[in-house]
Amino acid sequence: MKKLFAIASVAISFAATSAAEVVEGVLEKGPNHSALFVVSPESGDLVGYAFKNQSTVGKTILQSCLPGMLCKLGASSSRPLDDATGLKFQDQPSGWYEITKARDVGMEPAVFGYEKSLKTRYGVVSVREEDNFLLFRGKPVKPTIEGNSSLSIVADYEVGPIDVLLVQNTGGTACPALFHFVYVGPTGLRVSPEFGTCSDIIYPSFDPKTGVTVSMIGFQGPFQSDAEKRKAAMTKTVFRWTPDGRVTENGKLVR
């Protein structure tokens, strides 16, 4: 399991000029053009898939995906973009393509996997599968973390001397997922308050100085209508763990 999840670790499946390519990349929105940034599985190079915001394909993508989240085009077409001088983005890829068609568009969770055991620098953190309790060195953590339908370690990072794990508690249709940060250091293991919007569509990342960030869509059902659900799904909430052990939601402390 890799320690760093950033744009360079997003897996994609595509053929550069095919008529039915599958593209998964992190969306960056610009004033006139936006782009999905992916990594070529063949070369490891960063590749940009650009589109005009007001085009038909642009409207389709921007109505279904949020900036800073992993966006998947289930079937799309693209062509090489030779002149990218007008494209100004934070990420500068080695090559550009222009997306000309896209369908089956939506956001995807970006996680390392759904692991039941992970060896940290200070001992093994694991899930006891018969009752979904989280264990550290074979004993239940305190305060207790118990999964609903299941419990999984979905990301982990090394932030200085601290190993930070993102643990997902999977629920049902009313609340698909909630999360804990579990962090282990020389003085032992600690558990953050439970957090989340109930969505399992997340994008975790980290900065060695500021800590671990988990962006997720604003699902907070149940909803009275499909329109209300769609509106909530197109909002983003950002949770952040900092090296002092605090967790914030859009800048406000989670208790």
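Residues numbered from 1 in each chain as written. Predicted model: local features only at pLDDT ≥ 70, side-chain atom pairs only at ≥ 80, totals over all residues. Heavy atoms only, no water.

(A) Looking closely at the packing of aromatic side chains. Using the criterion set out here, one finds 10 aromatic pairs in the structure. Seen in terms of ring centroids, Tyr183 and Trp241 are 5.3 Å apart; in terms of plane orientation they differ by 55 degrees. Their pairing is tilted. Taken as a pair, Tyr183 in strand 12 (residues 177-185) and Trp241 in strand 17 (residues 236-241) lie far apart in primary sequence, 58 residues in all. In terms of burial, Tyr183 and Trp241 fall into one category: buried. (Phe/Tyr/Trp six-rings, centres within 6.5 Å; stacked < 30°, edge-to-face > 60°. Helix = DSSP H or I, 4+ residues; strand = E, 2+ residues; numbered from the N terminus. Buried < 20%, exposed > 50% of the residue type's maximum accessible area, 1.4 Å probe, protein only.)

(B) Highlighting the nonpolar core. Core analysis: the largest hydrophobic core is formed by 25 residues, its most contacted members being Leu36, Tyr49, Ile61, Leu73 and Ile99. Mapped onto this core, the elements with two or more residues apiece are strand 1 (21-29), strand 2 (33-39), strand 3 (46-52), helix 1 (56-62), strand 4 (70-80) and strand 5 (95-107). In terms of residues, this core owes the most to one element, strand 5, which gives 5 residues. When neighbours within four sequence positions are excluded, Ile99 is seen to be in contact with Leu36, Tyr49, Ala50, Phe51, Val57, Ile61, Leu73, Ser77 and Ser78. Among the nonpolar cores identified, the runner-up in size contains 21 residues, and Val111, Ala177, Ile202 and Trp241 belong to it. (Core = buried A, V, L, I, M, F, W, Y, C linked by side-chain atoms within 4.5 Å. Contact = heavy atoms within 4.5 Å.)

(C) Structural view of the sheet that holds strand 16 (residues 211-217). Taken in spatial order, the 5 strands make up an open sheet running 15-16-17-18-19, and their pairing is antiparallel. Each edge of the open sheet is held by one strand with a lone partner, namely strand 15 (202-207) and strand 19 (252-253). Sheet topology note: the strand 18 (residues 247-249)/strand 19 ladder contains 2 bridges and is antiparallel. Counterpart to Thr248 in the pairing with strand 19 is Leu253. (Pairing = 2+ DSSP bridges.)

(D) Representation of the state of the cysteines. The final tally for this structure, using the stated rule, is 2 disulfides. Across the disulfide, Cys65 is cross-linked to Cys71 (sulfur-sulfur distance 2.1 Å). With the S-S bond torsion at 70 degrees, the cross-link from Cys65 to Cys71 turns out right-handed. For the pair Cys65 and Cys71, a shared accessibility class is recorded, and that class is buried. Residue pairing for Cys175: its cysteine sulfur links by disulfide to Cys198, the two sulfurs lying 2.0 Å apart. Disulfide Cys175 to Cys198: torsion about the S-S bond roughly -90 degrees, handedness left-handed. (Disulfide = S-S within 2.5 Å.)

Taken by themselves, the reported measurements are silent on function.
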